[in-house]
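Chain and residue survey
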Amino acid sequence: MKLDVLLGLQWGDEGKGKIVDVLAPGYDVVARFQGGPNAGHTLEFDGIKHVLHQIPSGIFRAKTKNVIGNGVVLDPIVFKSEIEKLQKYNLDVKSNLYISKKATLIIPTHRLLDQAQEKAKGVNKIGSTLKGIGPSYQDKIGRQGLRVGDVLAENFKMKLHKLVDLHLEILKHHDIVFNWTELESQFLEAVAFLKQFKLIDSEYFLNHELKAGASILAEGAQGSLLDIDFGSYPFVTSSNTVTAGACTGLGVAPCHIGEVFGIFKAYSTRVGSGPFPTELLNEEGEAMRKEGKEFGSTTGRPRRCGWIDLPSLKYSIMINGVTQLLMMKADVLSIFPAIKICTQYKLSNGTVTDQVPYEQINENITPIYVEVKGWSCSLKGLVEAELPKELQNYVEFLERSLEVPISLISTGPDRSETIHRLKQPA
Ligand code: GDP
Ligand code: IMO
Ligand code: MG
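An account of the accompanying structure is given in this report. (Residues numbered from 1 in each chain as written. Chains lettered and ligands numbered in written order. Predicted model: local features only at pLDDT ≥ 70, side-chain atom pairs only at ≥ 80, totals over all residues. Heavy atoms only, no water.)

1. Structural notes on the coordination of the magnesium ion (ligand 3)
Perfect tetrahedral coordination of a metal by four donors corresponds to 109.5 degrees between them, and perfect octahedral coordination by six donors corresponds to 90 or 180 degrees. With distances of 2.1 to 2.2 Å, the protein atoms coordinating the magnesium ion (ligand 3) are Asp 13 (OD) and Gly 40 (O). Taken together, the residues span a long stretch of sequence, with Asp 13 in the loop between strand S1 (2-8) and helix H1 (16-23) and Gly 40 in the loop between strand S2 (29-32) and strand S3 (41-45) at a distance of 27 residues. Gly 40 sits in the buried class, given a relative accessible area of 9%. (Donors = N, O, S within 2.8 Å, 3.2 Å for Na, K, Ca; no water. Helix = DSSP H or I, 4+ residues; strand = E, 2+ residues; numbered from the N terminus. Buried < 20%, exposed > 50% of the residue type's maximum accessible area, 1.4 Å probe, protein only.)

What follows is the structure, given as structure tokens:
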């Protein structure tokens, strides 16, 4: 009777989709608890790459129930297109997918408002995915949003029009071009599609599962450094991406939380605006982007790349109560003869710290690095005992600094390219 949580410790895109898919056979249920179509979770197996946005990454495992929790913002149009893409794989999605009636709906005007808000910010734009995330969470918190359960009400259209009218009033003041009639018919078609699925009271469902002895894996989206409270505000997303978000986003009490899997890349990436102390604005950064194929799974934007940042990882580990670390994309660092690890920050007043300062945007943070020898060899097909000594040293250095064991090393995008570590420090 437990709920394990898997979440990103950096700025998203750590490889959550791959690992949820790898771990899913060990769980009865996989549940998304926050975010929405801003997420792009990639899974690879049998030579095929799948990118999921709102559907939990346990969907390819026949015995796994998948839940879209109340904390998610769900776009029915994106949902329909995701389901249609899955149709050719003969999955029993209609039986294996459950959607919380309390999840918030993203309506087309949320996307338009997202565009308008970003445009109005000019050079200070967040770099949002433009999927309507901020505006839909604003309506949720503002107590005027629509929820999935509302689609079942007879007066749904009336409720929709009431909200749309409010949005259109705001949009009048922005030069965003759109055709509401077209958007509305596309939306209503997608809503009709959504109604064929299991729309449930997911908090009861999940707690009944737990009581019956089931195990649940909560799948985080985005990353801890994009959390609305703890990320580099305002360059964040609009939800709580941290462990506590799994409780509010699923309706499961904290006492049920078991393992917290903190997933991170062996280096760092960020997409969108905001502080990034170890960013490499040089040919090393470009080489990392090329080798790691660091282009957004949702927007296709190039991801900013840099060395691993231990102060920010320590911060994420603290906020989340991480019990196991999972290190992704070790293979990408094979191209570097020497690898840098940021262990501390030097602030503009000369202070040296391993804490993330409150002021990150106007503060001139200089990373202090330790340089270690790279492994400079392919990791393809290697098992744990065959990993090069330099990589083992890198892993042990991180474990000593972060004080949490690294229980998994990923050496490629495919399901199979995953090393579950047997030997962990005492
Ligand atoms: P998520 O949002 O956390 O699920 O991560 P994304 O799917 O957005 O981005 C991770 C990218 O890295 C995807 O393209 C994955 O296929 C890929 N990937 C995952 N693990 C590894 C790995 O160990 N090595 C390499 N080279 N690619 C990986
Ligand atoms: P996954 O789940 C990486 C970033 C955006 C932007 C900021 C706010 O695939 O790891 P939003 O659209 O949420 O209002 O954008 O957050 N962002 C992500 N970056 N991975 C994601 O999800 C992200 N979801 C949002 O680029 O900087
Ligand atoms: Mg992603």
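There is more to say, and it comes next.
2. Details of the site of ligand 1
Within the structure, ligand 1 sits among 20 residues, and Lys 16, Thr 42, Ser 297, Asp 331 and Ser 410 are positioned closest to it. Separating an oxygen atom of ligand 1 from a backbone N or O atom of Glu 14 is a distance of 3.1 Å. Residue assignment for the shell around ligand 1 shows that the elements contributing at least two residues are H1 and S3. Residues belonging to the shell around ligand 1 are distributed by class as follows: three nonpolar, nine polar and eight charged. (Near = heavy atom within 4 Å. Polar contact = N/O pair within 3.5 Å; in protein donor to acceptor, adjacent residues only side chain to side chain. Nonpolar A, V, L, I, M, F, W, Y, C, P; charged D, E, K, R; others polar.)

3. Describing the site of ligand 2
In the vicinity of ligand 2 there are 21 residues, among which Asp 13, Lys 16, His 41, Thr 129 and Thr 237 approach most closely. Side-chain polar atom of Thr 237 to an oxygen atom of ligand 2: 2.6 Å apart, as the coordinates give it. One of the backbone N or O atoms of Val 271 is found 3.0 Å from an oxygen atom in ligand 2. Relative to its unbound accessible area of 550 Å², ligand 2 is 97% covered by the protein chains. Classifying every residue of the shell around ligand 2 by side-chain character gives eight nonpolar, 10 polar and three charged. (Areas by Shrake-Rupley, 256 points an atom, 1.4 Å probe, with all protein chains shown as cover.)

4. What about helix H10 (residues 283-291)?
All buried positions along H10 are accounted for by Gly 285, Met 288 and Arg 289. The arc that holds every buried residue of H10, seen down its axis, measures 100 degrees, which confines them to one face. Residues of H10 that are exposed and point more than 90 degrees away from the buried face comprise Glu 283, Glu 286 and Lys 290. If you follow the buried residues of H10, they end up packed against strand S13 (304-306). Capping the start of H10, Asn 282 holds a side-chain oxygen 3.1 Å from the backbone nitrogen of Glu 284, two or three residues further along. Of the residues trailing H10, Lys 293 is marked for its positive phi of about 50 degrees. (Arc of directions from axis to C-beta. Contact = heavy atoms within 4.5 Å.)

5. Section: the nonpolar core
Core analysis: the biggest nonpolar cluster contains 52 residues, and Leu 325, Met 327, Leu 333, Tyr 394 and Leu 398 have the highest contact counts within it. Sorting elements by how many residues they give to this core places helix H12 (residues 389-402) first, with six residues. Setting aside chain neighbours within four positions, we find Leu 333 in contact with Ala 266, Tyr 267, Met 288, Trp 307, Ile 339, Trp 375 and Tyr 394. The next biggest cluster of nonpolar side chains, apart from the first, holds 40 residues, and it includes Ile 83, Val 93, Leu 171 and Ala 190. (Core = buried A, V, L, I, M, F, W, Y, C linked by side-chain atoms within 4.5 Å.)

6. Details of the pairing of strand S10 (residues 215-219)
With respect to burial, S10 is a largely interior element, five of its five residues being buried. Sheet topology places S1 next to S10; five bridges connect them, and they run parallel. Bridge pairing links Leu 3 to Ile 216 in S10. Relative to S10, S2 runs parallel, the two being bridged by four bridges. Bridge assignment links Ala 31 to a residue of S10, and that residue is Ala 218. (Pairing = 2+ DSSP bridges.)

Coordinates in, geometry out; function isn't part of it.
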